[in-house]
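Here's the letter readout for the chains.
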Amino acid sequence: MPFIPHTHADKESMLDTLGIASIDDLFDEIPKEIQCEGLPDVPDGISEMAMLSHMAKRARDDSAGICFLGAGCYDHYIPSAVWDIASRGEFLTAYTPYQAEASQGTLQLVYEFQTMLASLTSMDVANASVYDGASALAEAILMAVRVNRKSKSRRVLVPASLHPFYLATVRSIVTHQDINVELMALEDGLSAISDSVLNDAIAVVVQQPNFFGLLEDVDALTTRAHDAGALVIGVVNPMTLALLKPPGDWGDTGADIVCGDGQPLGIPMASGGPSFGFLCTRMAHVRQLPGRIAGRTQDKTGNWGFVLTLQAREQHIRRAKATSNICTNQGLLVTAATIYMTLLGPQGLNEVASACVRNTHRLAERLTELPNVSMRFDAPYFHECVLDFEESTDAIQHRLLNSGILGGYPLTGLIEKGDQAMLICATETRTDRDIESYYRALSDG
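As the structure is a computational prediction, the values presented were derived from the model and not from experiment. (Residues numbered from 1 in each chain as written. Predicted model: local features only at pLDDT ≥ 70, side-chain atom pairs only at ≥ 80, totals over all residues. Heavy atoms only, no water.)

Novice: Hey, could you go over the overall build of the protein chain for me, with residue numbers and the actual values?
Specialist: Tallying secondary structure elements over the protein chain gives 12 helices and 16 strands in all. When contacts within the protein chain are restricted to residue pairs at least 6 apart in sequence, those whose partners lie at least 24 apart make up 74%. If you sum the accessible surface of the protein chain, you get close to 22600 Å²; carbon and sulfur atoms cover 52% of it. (Helix = DSSP H or I, 4+ residues; strand = E, 2+ residues; numbered from the N terminus. Contact = heavy atoms within 4.5 Å. Areas by Shrake-Rupley, 256 points an atom, 1.4 Å probe, with all protein chains shown as cover.)

Novice: Could you give an account of the domain arrangement of the protein chain, with specific residues and numbers?
Specialist: Parsing the protein chain into structural domains produces domain 1 (66-76 + 346-444) and domain 2 (80-338). The interface of domain 1 with domain 2 comprises 28 residues on the first partner and 24 residues on the second. Carbon and sulfur atoms make up 76% of the area that domain 1 and domain 2 hide from each other, which totals about 2100 Å². Along the contact surface separating domain 1 from domain 2 lie zero salt bridges. There are five residue pairs in polar contact (both at pLDDT 80 or more) connecting domain 1 and domain 2. Mapped onto the side of domain 1 that touches domain 2, the elements with two or more residues apiece are helix H10 (331-367) and strand S13 (384-389). (Domains from an automatic or database assignment. Buried area = accessible area lost by both parts, 1.4 Å probe. Salt bridge = Lys/Arg side-chain N within 4 Å of Asp/Glu carboxyl O. Polar contact = N/O pair within 3.5 Å; in protein donor to acceptor, adjacent residues only side chain to side chain.)

Novice: Any details on the pairing of strand S4 (residues 180-187)? Residues and values, ideally.
Specialist: Two strands pair when backbone bridges link them, and strand S3 (residues 155-159) and S4 are joined in this way by five bridges, in the parallel orientation. Residue Leu 157 lies in a different strand from S4, and its bridge partner there is Glu 182. The β-α-β motif built from S3, the intervening helix H7 (residues 164-174) and the parallel element S4 has right-handed crossover chirality. Where S4 and strand S5 (residues 190-192) come together, three bridges link them in antiparallel fashion. Along S5, the bridge assignment pairs Ala 185 with Ala 192. (Pairing = 2+ DSSP bridges. Right-handed = clockwise from strand over helix to strand, strands pointing away.)

Novice: So, empty space enclosed by the protein: which residues are in play, and what are the values?
Specialist: Applying the stated rule across the entire model yields two cavities of 30 Å³ or more. Quantified by volume, the largest cavity comes out at close to 220 Å³. Forming the boundary of the largest cavity are 20 residues, of which Gly 72, Tyr 74, Gln 207, Pro 209 and Asn 237 lie nearest the centre. At the level of secondary structure, the elements contributing two or more residues to the lining of the largest cavity comprise strand S6 (203-208), strand S7 (231-236) and strand S8 (257-261). Within the lining of the largest cavity, the residues separate by chemical class into nine nonpolar, nine polar and two charged. The residues that make up the lining of the largest cavity include at least three from each of domain 1 (66-76 + 346-444) and domain 2 (80-338). Reported here for the second largest cavity is a volume of approximately 30 Å³. Taken together, Pro 97, Val 110, Ala 128, Arg 292, Leu 308 and Asn 329 form the lining of the second largest cavity. (1 Å grid on protein atoms, 1.4 Å probe; cavity = no way out; pocket = protein on both sides within 12 Å on 5 of 7 lines; lining within 4 Å. Points joined across faces, edges and corners; volume = space filled by probe spheres on them. Nonpolar A, V, L, I, M, F, W, Y, C, P; charged D, E, K, R; others polar.)

Written as structure tokens, this is what we have:
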């Protein structure tokens, strides 16, 4: 639908109908002292030709070269069919499927997405997605508080190896609801918890792989948490689940709630967003799961149909009864992820994950042949790892950028001597030639 601006006559007619003198009178309830008097920092407009020239230059500036950056957002190959299909009008402009009879395609896609995520995580049920992985973890913690009523402490244990953006988001959302977020000890990059810390905790958060790319002993952490009466919240990268044990199988009984970010499943890096978060749980806790759930049923003639079966948010029930007010599902990105998982299938996901592991290990082995580069941690890692350097990562990154390489994520302020440490990643898109280019760029310095 084209945008047709109101004419002066349209505005005058509207004002006459309302019985007011000016547009400003519509906002007379807003105190003058907080009203904005113009936008002095916004420059004047430019011509379309000048704008296109400017944006073309910006686009060229955004071309950073070979990407070895991970840290929660990964440079995976996305088959052309994914966004060709997701960009069709019926997907691109679709909104919340309130009317099932008019939304069967969207509802079926959400149902398929939920089924795939539940299978990938080995959980009973998944919702229709939330904003991103960080807010999904905050929702998971709030959900754990509602589920674990035996604990009176309002304490949630979070690993110090959790993604720092996730930690900041969690603190922003849950600490204002009287929930204490306590960091667990860190030993050689891995989580460590004592019995005294576990005492009366509501939940324990376990990230696998953790922010440093290391593989946690998820079985031991899960069993210890459950033995102490705490729930376990798993934070996972969905791509890694093609190879790693799914959180539903951790320990003796599996995680209770699972969340993460779906960006690896067909979503472009796009300078860090947007993405979508997923949230899965056990059927026993489904009433506390925020968001929407699509279900499949049969009509009286035996034909399959799809409906929204659970909608525990404020748009559908009384606000005081809602499990969340910020759990909007990311419909378009979920569409792309569902197409991506359908195209690759279990074998394709396994091959992509395996290639990521091989490439990152090959990269780390090659770079640590240099005398001024070493591994920070000895624990097994998946497709990210931390390297230490004898000079600052600022200097190294500038040198790599001059060679057309995004070298990794600097860890300044996150770990000891972080200004000389960097988190590197090599997905299935990186070739032997790319790895050799990285090696030469470092060795030339």
